[in-house]
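Residue-level structural notes
Chain by chain, the residues:
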Amino acid sequence: MVNYDLDELKVGENRVVVGRKDGYDLYARDIAPGNGWSRALYAPECTWPQGADLCVLVEWHPYPTVGSNWLPG
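Now for a quick tour of the structure. (Residues numbered from 1 in each chain as written. Predicted model: local features only at pLDDT ≥ 70, side-chain atom pairs only at ≥ 80, totals over all residues. Heavy atoms only, no water.)

So, the overall build of the protein chain
Our working rule: Secondary structure elements are taken from DSSP: a helix is a run of H or I of four residues or more, a strand is a run of E of two residues or more, and numbering for both begins at the N terminus. Only heavy atoms matter for contacts: two residues are in contact if any of them lie within 4.5 Å across the pair. Per-residue and other accessible areas follow the Shrake-Rupley method at a 1.4 Å probe size, with only the shown protein chains counted as cover for residues.
Each helix and strand counted, the protein chain has 1 helix and 4 strands in total. Counting from the amino terminus, helix and strand elements in the protein chain follow one another as α-β-β-β-β. Partitioning the contacts of the protein chain with sequence separation of at least 6, the portion at a separation of at least 24 is 40%. Only carbon and sulfur atoms are counted for the fraction: they give 55% of the accessible area of the protein chain, which is about 6,100 Å².

What follows is the structure, given as structure tokens:
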């Protein structure tokens, strides 16, 4: 559900099928220059804020020329 919304906002994985090999689809990401992509990942329920109906972790992967001002600690 969250990944669908990220795709609709044009910041999702935007995976497109670019071919087939050995019976499997081959994917690439269709990312507009200047943008990046993100995806929602499962967050264990024990980490959810009290009263939350849904909680996910969102990974952000900036487009290489944009970079990021977030540095892991």
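Focus: the pairing of strand 1 (residues 15-21)
The cut-off we apply is this: Strands qualify as paired when DSSP identifies two bridges or more between them.
As paired strands, strand 1 and strand 2 (residues 24-29) are joined by 6 bridges and run antiparallel to one another. Directly across from Val16, in strand 2, lies its bridge partner Ala28. With antiparallel pairing between neighbouring strands as the criterion, strand 1 and strand 2 make up a hairpin whose turn holds 2 residues, including Asp22 at a positive phi of roughly 55°.

Some details on the environment of Val2
The condition is simple: Type-normalised accessible area, obtained with a 1.4 Å probe on protein chains alone, sets the label of each residue: buried when under 20%, exposed when over 50%, and partly exposed for intermediate values.
Position of Val2 relative to the elements: it lies in helix 1 (residues 2-8). When its relative accessible area of 21% is taken as the criterion, Val2 is described as partly exposed. Sequence separation of Val2 and Leu41 is 39 residues, and the distance between their C-alpha atoms is 9.1 Å. Those residues within four positions of Val2 in sequence are excluded, and the remaining contacts are Ala40, Leu54 and Val56.

A look at the side chain of Ser38
Along the chain, the position of Ser38 falls in strand 3 (residues 37-42). For Ser38, a relative accessible area of 3% translates into the label buried. When sequence neighbours within four positions are dropped, the list of residues in contact with Ser38 reads Leu6, Val11, Gly12, Glu13, Val58, Glu59 and Trp60.

Functional significance is not addressed by these values, which are geometric in nature.
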